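Chain and residue survey
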Amino acid sequence: MILYVAIFAAVARNIPILFSLRAGTLARMKLITAHKILIGAAAVFFLFFALWELRAYSLSGNPWAASRSVLYLVVAVGFAVYLRLIKRWYV
């Protein structure tokens, strides 16, 4: 619990958080970098999931699978656009 409070305090003060790369070494990583990694991973995940649902639609003909595929594709594009525009907001 104390670690979470320390991380929250560092983020609130805009202090880079130290992350361990290897035993005995530390590297600075800004919170925005971790945020970009997670947003990029979410965009790839939703793109994969959209293709998965499109495949399910082609096999079953279920219209709900097609609608979910479109929804997931829209979410993936939204995350990709957010990832491209994030530099403008948090530089």
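Not measured: the values here are computed from a predicted model. (Residues numbered from 1 in each chain as written. Predicted model: local features only at pLDDT ≥ 70, side-chain atom pairs only at ≥ 80, totals over all residues. Heavy atoms only, no water.)

Attention now moves to a nonpolar patch on the surface. A contiguous nonpolar patch, built from L47, L51, L54, Y57, L73, V77 and V81 and spanning about 610 Å² of accessible area, is present on the exposed surface. For the nonpolar patch, the elements supplying multiple residues, two or more each, are α2 (31-60) and α3 (63-89). Here Y57 lies in helix α2. (Patch = residues over 30% accessible without salt bridge, like charges linked within 9 Å, V, L, I, M, F, W, Y side chains within 5 Å. Areas by Shrake-Rupley, 256 points an atom, 1.4 Å probe, with all protein chains shown as cover. Salt bridge = Lys/Arg side-chain N within 4 Å of Asp/Glu carboxyl O. Helix = DSSP H or I, 4+ residues; strand = E, 2+ residues; numbered from the N terminus.)

By the secondary structure assignment, S69 is in helix α3. The exposure class of S69 is buried, given its relative accessible area of 7%. Contact partners of S69, with chain neighbours within four places excluded, come to A50, E53 and L54. (Buried < 20%, exposed > 50% of the residue type's maximum accessible area, 1.4 Å probe, protein only. Contact = heavy atoms within 4.5 Å.)

In this section: the packing of aromatic side chains. Under the definition given, this model contains six aromatic pairs. An angle of 80° between the planes, with centres 5.4 Å apart, marks the rings of F45 and F46 as edge-to-face. Taking relative accessible area as the criterion, F45 reaches 45% and is therefore assigned partly exposed. When the ring of F45 is compared with that of F49, the centres are 5.6 Å apart and the planes differ by 15°; the resulting orientation is stacked. Pair noted here: F45 and F49 are both in helix α2, with a separation of four residues, about one helical turn. (Phe/Tyr/Trp six-rings, centres within 6.5 Å; stacked < 30°, edge-to-face > 60°.)

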